Amino acid sequence: MENENVNKETQEQKSGFIRMKRFHFIMLLFFVVFLSAGITTVALAFGDEKAVTVAANRSEFDKLYAAFDTLKNNYYEKVDQEKMINGAINGMVESLDDPYSDYMDSEEAKGFHESISSSFEGIGAEIQEQDGNITIVSPIKDSPAEKAGLKPNDKVISVDGKSIQGMSATEAVLLIRGEKGTTVKLSIQRPGVEDLMEVPIVRDTIPIETVYGEMLEDGIAKVQITSFSENTAKELVSTLQTMKDQGMKGLILDLRQNPGGLLDQAIAISSLFLPDNEVVVQVEDRDGNKQEMKSSKTKENPGVPLVVVTDKGSASASEILAAAVKESGNATLVGETTFGKGTVQKAQDFSDGSNLKFTTEKWLTPKGNWIHKKGIKPDIEVALPDYASLTLINPETELKISSSSSEVKTAQQMLKALGYEPGREDGFFDEKTEEAVKNFQNAKGIEATGILTGSSTTALMEGLREQIKANDTQIVKAVEVLKGKIAQ
């Protein structure tokens, strides 16, 4: 009996509790609705700003949402919603027709940040999209790309047999980059050369070391800046101090093959060679408003005559520096007309790790010149020797007696440049060419087969690269100009 009473009381208490909870819930629901309506009314009536506009209510997005819903609900297969959204953003960016604006998913964005911060694994070449083609802007110094002979304006047609026509630069980077020690095969179209070149390149770790210094003759220092990354200004200050300690009397600043980088680094480095508070660069927004960015006082100014060497691979931040020191009269420019990139980009990260890089302004030289697609013409124009523009030879190709091709012609020109007379340069491999190949192989300690392939081909291209370096007409001219300045 006692157990039955207890159970009954418990059930009555439980039943009463349930009724009370429902009552409170209903009252609470009415209260929340009433309170929400009141807050919304007050906000709309008295708020300083309008309520946030919901994207779905913006008429310009009606078609976008309709297309998304149509595909999501009616496509014959289940769609990847994230992929569709990324594709929509990509489409918006591509409609700008700007090779320097790009949307990157999280994986692509990671590679982008690595390229300006520490190191990465790949071939070491700056690329960009131009008119649907992926184009080499500049190979990085001592990188696999440079050693393989890639040059500015080479077009990458395919990667490992996969066409990359129409891809963005970041999409192409994902295919070209890869684990150290692996090989990627690029199909290259070089301006003025009819045949495609197949170029196998072994990937390596590409350190973002950006400043290289050496002392030349008569107290002349040569300092090469390969890109403008996060620590480039600090690297340069340290290198210049080393050059001073070694008796620097004049400075050659080598900006060849430098694709650019960070704007703040270009300003910091320009400040080393300009008086305090002098205009380094102007940035102009789409409304025509201009902002002058000026040099800051620095005690690290080397205080010696300066010559800057440029070529068609000098782009962006390189051009900002070159223009600033040229227009100030503080330096003489020697070499070739620069690439011609006169726009500034901003990178915006999203919470999922993706990134939007887009052009925000154009930049002008201190005197207000816009060099976009025109470049900066040097004070003294000097070209490298003709053999510096020779094309690549695929080491996997076998060139031997009776072969006839454009690669044979290139090999004959390389042999001649290195002092091994092939007898002809018309692309036909005869006995005289075979003899020249054997002489080259003997000189390099390679089995003298008379056949160009594999290590023989690689050694031939490396020999040419060293020949170009040893007969650098642009640096020779820069030294000559500096000697004249030092003597004054």
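Source: prediction; values computed, not measured.

**A few points about the pattern of salt bridges**
Here comes step 1: Within this structure, the stated rule accounts for 20 salt bridges.
Here comes step 2: Between E396 and K185 there is a salt bridge whose closest N-O contact spans 3.1 Å. Separated by 211 residues along the polypeptide, E396 in the loop between strand 19 (380-381) and helix 10 (406-417) and K185 in strand 7 (residues 183-189) bring together distant segments of the chain.
Here comes step 3: You can call K185 partly exposed: its relative accessible area is 31%.
Here comes step 4: Two residues, K477 and E480, come together in a salt bridge whose shortest N-O distance is 3.1 Å. Taken together, the residues span about one helical turn, with K477 and E480 both in helix 13 (residues 473-487) at a distance of three residues.
Here comes step 5: Via salt bridges that share partners, E214, K222, D254, R256 and D472 belong to a single interconnected network.

**So, the sheet that holds strand 12 (residues 250-254)**
Here comes step 1: Spatially, 10-11-12-15-16-19 is the arrangement adopted by the six strands of the open sheet, whose pairing is mixed. Taken across any chain shown, the strands that pair with only one partner, and hence form the sheet edges, are strand 10 (211-215) and strand 19.
Here comes step 2: Relative to strand 16 (residues 331-335), strand 15 (residues 306-310) runs parallel, the two being bridged by five bridges. Note on strand 16: the bridge partner recorded for V308 is L333.

**Looking at the layout of surface pockets**
Here comes step 1: Empty space within the second largest pocket amounts to approximately 1200 Å³.
Here comes step 2: Along the walls of the second largest pocket sit 47 residues, with K151, Q257, L384, A388 and I468 positioned nearest its centre.
Here comes step 3: When contributions to the lining of the second largest pocket are tallied by element, the ones reaching two or more residues are helix 5 (144-147), strand 11 (220-225), helix 12 (455-470) and helix 13.
Here comes step 4: Among the elements that take part in the lining of the second largest pocket, helix 12 stands out by supplying seven residues, more than any other.
Here comes step 5: Of the residues that constitute the lining of the second largest pocket, the class distribution is 22 nonpolar, six polar and 19 charged.

**Section: the pairing of strand 17 (residues 343-349)**
Here comes step 1: As judged from the seven bridges shared by strand 17 and strand 18 (residues 355-364), these two strands associate in the antiparallel manner. Across the sheet, residue D349 finds its bridge partner in strand 18, namely N355.
Here comes step 2: Joining the antiparallel neighbours strand 17 and strand 18 is a turn of five residues, in which G353 adopts a positive phi near 95°.

**Re the confidence of the model for the protein**
Here comes step 1: In this model, the protein carries a mean pLDDT of 86, and residues with pLDDT of at least 70 account for 87%.
Here comes step 2: This model gives residues 1-56 a pLDDT under 50, and the stretch forms seven contacts once residues within four places in sequence are excluded.

**Some points on the nonpolar core**
Here comes step 1: Core analysis: the largest hydrophobic core is formed by 42 residues, its most contacted members being I123, L150, V156, L186, I201 and L460.
Here comes step 2: Those elements that place two or more of their residues in this core are strand 4 (133-139), strand 5 (155-159), helix 6 (169-176), strand 7, strand 8 (197-202), helix 10, helix 11 (431-443) and helix 12.
Here comes step 3: When sequence neighbours within four positions are dropped, the list of residues in contact with I201 reads I123, P144, A145, A148, L150, T182, T183, V184 and L186.

What counts and how
Residues numbered from 1 in each chain as written. Predicted model: local features only at pLDDT ≥ 70, side-chain atom pairs only at ≥ 80, totals over all residues. Heavy atoms only, no water. Salt bridge = Lys/Arg side-chain N within 4 Å of Asp/Glu carboxyl O. Helix = DSSP H or I, 4+ residues; strand = E, 2+ residues; numbered from the N terminus. Buried < 20%, exposed > 50% of the residue type's maximum accessible area, 1.4 Å probe, protein only. Pairing = 2+ DSSP bridges. 1 Å grid on protein atoms, 1.4 Å probe; cavity = no way out; pocket = protein on both sides within 12 Å on 5 of 7 lines; lining within 4 Å. Points joined across faces, edges and corners; volume = space filled by probe spheres on them. Nonpolar A, V, L, I, M, F, W, Y, C, P; charged D, E, K, R; others polar. pLDDT = per-residue confidence, 0-100. Contact = heavy atoms within 4.5 Å. Core = buried A, V, L, I, M, F, W, Y, C linked by side-chain atoms within 4.5 Å.

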